[in-house]
Amino acid sequence: MNLSCLQENLSKGLSVVNRAVALRSTLDVLSNVLITAEEDRLRLSATNLEIGIHCWIGAEVAEEGGVVVPSRILTDFVSSLPPEKVNMGLEVRTMKLHLKCGDYTAVINGIDPNQFPEIPMGDDGHSMMVEVGILQKMIAQTAFAASADESRPALMGIHIEVQDDLLTMAATDGYRLALRTARTEVPVESPFRVLVPAKAMAELARISGDAKEGSLVQIRVSDLQNQAVFHLEGEGSSDKGGAYQEVTFVSQLIDAKFPDYRAIIPKEYETKAIAETQALLKAIKVASLFARNEANLVKLDLIPGDSGSIMVQARSKELGENETRVPAEVTGKGISIGFNAKYLIDVLSVIDTLQVVLQTTQPDRPGVFMPLGAGEETFTYVTMPMKLR
């Protein structure tokens, strides 16, 4: 193997695949990265057996080949180099990787690439395409609602369902539900549904931040391998600039039944309030300061009338109390309802419309939050109330 590439591209590529490097594992090979020179590109690969990542960057390849080397020393060395061309060569007999950049040289001990676990490319199964910006937004508006309780694996994932040209993502921890829909680029031939770990989807969202703006993400689901494969296009080219050319992100699926979330979404409401998203978010953040020692309980008084408002209140026996008036358009009957402040901050932080809608029926029934004026894309957030004291 003999090649050269730009230091900044190599450093960025390593930072991408390092998200799949196992920090602690009984298999030493999982703390390594696979380097493969192929045609005019360099492929970097890493896996922790739960997720796997391939990242391609531009390179001038004089001789193809591959080697597996420790991720940490390679990453630390490359990040310390000047922004110049990096030359890499491999001694096949000893599996030693030679690197040179300006006045810096290094030799890193490697192992045979055949010892590295295979990471699928996703060539079979169901397939669909979605714009990268839409995918990022859908993940941001659902992943936070998933559970971190390992004893309930079905709630640790994002449920992805595709039917015709409608893509639906849902996540719940048993106390709240985040539901997001969007249109795909092309209708699918047959509907499918999978459960992908929320942590994996969050990593995918971070990596896709460097994807080419407006590019499409190809999603493939392999029934045989129980995996979901996401393929992204980067900004890179074969000879200059750009973080990376392509990334393939692979995640194991969760083998568990996701709850019937549609049954818990209220079909009607008796009180509806429309308020400015940022004003309500700020009021709840302030109230949460006083709610810390009181199970994070904040009280919302929805007051109808010409001068309608949402009164956000929190009270602590030790700290004191807080009350903030948020102007709102409230229709229906007045109501007082309690919520977990964190659950409200989480959802209001991912709603990017100027106004938000809150719908409810009774103090002991769920509250439903939705962005106002989001167009065809729909986002629904259902959260259980807390008993007022």
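Cut-offs applied
Residues numbered from 1 in each chain as written. Predicted model: local features only at pLDDT ≥ 70, side-chain atom pairs only at ≥ 80, totals over all residues. Heavy atoms only, no water. Helix = DSSP H or I, 4+ residues; strand = E, 2+ residues; numbered from the N terminus. 1 Å grid on protein atoms, 1.4 Å probe; cavity = no way out; pocket = protein on both sides within 12 Å on 5 of 7 lines; lining within 4 Å. Points joined across faces, edges and corners; volume = space filled by probe spheres on them. Nonpolar A, V, L, I, M, F, W, Y, C, P; charged D, E, K, R; others polar. Buried < 20%, exposed > 50% of the residue type's maximum accessible area, 1.4 Å probe, protein only. Contact = heavy atoms within 4.5 Å. Core = buried A, V, L, I, M, F, W, Y, C linked by side-chain atoms within 4.5 Å. Phe/Tyr/Trp six-rings, centres within 6.5 Å; stacked < 30°, edge-to-face > 60°. Pairing = 2+ DSSP bridges. Axes fitted to C-alpha atoms, helices over the stretch in contact; angles between N-to-C directions. Parallel < 35°, antiparallel > 145°, perpendicular 65-115°, else oblique. Left-handed = near helix turned anticlockwise from the far one by under 90°. Polar contact = N/O pair within 3.5 Å; in protein donor to acceptor, adjacent residues only side chain to side chain. pLDDT = per-residue confidence, 0-100. Salt bridge = Lys/Arg side-chain N within 4 Å of Asp/Glu carboxyl O.

A. Broad picture of unusual backbone geometry. Positive phi values are uncommon outside glycine, yet Asp 164 reaches one of about 55°. Relative to the elements of secondary structure, Asp 164 occurs in the loop between strand 11 (157-163) and strand 12 (166-172). The phi dihedral of Ala 295 is positive, around 60°, even though this residue is not glycine. With respect to the helices and strands, the residue Ala 295 is situated in the loop between helix 5 (277-291) and strand 19 (297-303).

B. Structural detail: the layout of surface pockets. Reported here for the largest pocket is a volume of approximately 700 Å³. Together, 23 residues line the largest pocket, and Glu 50, Met 156, Pro 197, Lys 199 and Ala 200 are the ones closest to its centre. Tallied by class, residues from the lining of the largest pocket come to 13 nonpolar, four polar and six charged. Of the voids in this model, the second largest pocket is the one considered here, and its volume is about 380 Å³. Taken together, 14 residues make up the lining of the second largest pocket; nearest its centre are Leu 297, Lys 299, Ala 314, Arg 315 and Arg 389. Residue assignment for the lining of the second largest pocket shows that the elements contributing at least two residues are strand 19, strand 20 (309-316) and strand 21 (320-332). Per-element accounting of the lining of the second largest pocket gives the leading share, four residues, to strand 20. Here the residues of the lining of the second largest pocket sort into four nonpolar, three polar and seven charged.

C. Structural detail: the environment of Val 330. Looking at where Val 330 falls in the secondary structure, it is placed in strand 21. Accessibility expressed as a relative area gives 6% for Val 330, which makes it buried. Sequence-wise, Val 330 and Leu 224 are 106 residues apart; in three dimensions their C-alpha atoms are separated by 52 Å. Setting aside its immediate chain neighbours within four residues, Val 330 contacts Thr 271, Lys 272, Ala 273, Leu 302, Ile 303, Pro 304, Gly 305 and Ser 309.

D. The arrangement of the nonpolar core in detail. Membership of the largest hydrophobic core comes to 104 residues, with the highest contact counts inside it found for Leu 10, Leu 42 and Ile 310. In this structure, Leu 177, Leu 179, Leu 195 and Tyr 261 belong to the second largest nonpolar core, which totals 10 residues.

E. Geometry of the environment of Leu 74. Looking at the secondary structure, you find Leu 74 in helix 2 (residues 71-79). Using a relative accessible area of 1% as the deciding quantity, one classes Leu 74 as buried. Residues Leu 74 and Met 129, 55 residues apart in the sequence, show an inter-C-alpha distance of 34 Å. What Leu 74 contacts, discounting residues up to four positions off in sequence, is Leu 14, Val 33, Ile 35, Val 69, Leu 99 and Ile 108.

F. Representation of the packing of aromatic side chains. For the structure on display, the rule yields five aromatic pairs. A centroid spacing of 6.0 Å and a plane angle of 70° characterise the contact between Phe 339 and Phe 369, whose relative ring orientation is edge-to-face. In this pair, Phe 339 is assigned in strand 22 (residues 335-340) and Phe 369 in strand 24 (residues 367-371), connecting sequence segments 30 residues apart. Like Phe 339, the residue Phe 369 is buried in the burial classification.

G. Structural detail: the sheet that holds strand 7 (residues 85-91). Strand order across the open sheet formed by five strands is 5-1-7-8-9, with antiparallel pairing between neighbours. Two strands close off the open sheet at either side, each with one partner strand: strand 5 (60-63) and strand 9 (104-109). In this sheet, neighbouring strand axes are inclined to one another by 15° on average, regardless of whether the strands run parallel or antiparallel. Across three bridges, strand 1 (residues 2-6) lies against strand 5 in antiparallel orientation. Bridge assignment links Ser 4 to a residue of strand 5, and that residue is Glu 60. Along the sheet, helix 1 (residues 7-17) makes contact with strand 1 and strand 7, crossing strand 1 at roughly 90°. Here helix 2 sits on the sheet in contact with strand 8 (96-101) and strand 9, set at roughly 175° to strand 9.

H. Spotlight on the packing of helix 3 (residues 132-140) against helix 4 (residues 198-207). In contact at an axis separation of 9 Å, helix 3 and helix 4 are set at 140° when each is read in the N-to-C sense. Between helix 3 and helix 4, the angle falls in the class oblique. Crossing angle aside, the handedness with which helix 3 passes helix 4 is left-handed. Contact with helix 3, carried on its side by Leu 135, Gln 136 and Ile 139, involves Met 201, Ala 202, Leu 204 and Ala 205 of helix 4 and no other residues of that element. Of the residues belonging to the contact of helix 3 with helix 4, the class tally is six nonpolar, one polar and no charged.

I. Focus on helix 6 (residues 341-348). Across the eight residues of helix 6, seven count as buried, placing the element largely inside the fold. All of the buried residues along helix 6 are Ala 341, Tyr 343, Leu 344, Ile 345, Asp 346, Val 347 and Leu 348. A side-chain oxygen of the first residue of helix 6 lies 2.9 Å from the backbone nitrogen of Lys 342; this N-cap is Asn 340.

J. View of the confidence of the model for the chain. Per-residue pLDDT for the chain averages 93, and the proportion of residues at 70 or more is 96%. Contacts of residues 237-242 to residues separated by more than four positions or lying in other chains number 14 contacts, the stretch itself having pLDDT below 50.

K. Expanded view of the pattern of salt bridges. In total, this model carries 18 salt bridges according to the counting rule given. Arg 262 is the partner of Glu 161 in a salt bridge, and the nearest nitrogen-oxygen pair spans 3.2 Å. Here Arg 262 lies in the loop between strand 17 (246-252) and strand 18 (271-276) and Glu 161 lies in strand 11, a separation of 101 residues in the sequence. The class for Glu 161 is buried, based on a relative accessible area of 11%. Residue classification places Arg 262 among the partly exposed positions, given a relative accessible area of 42%.

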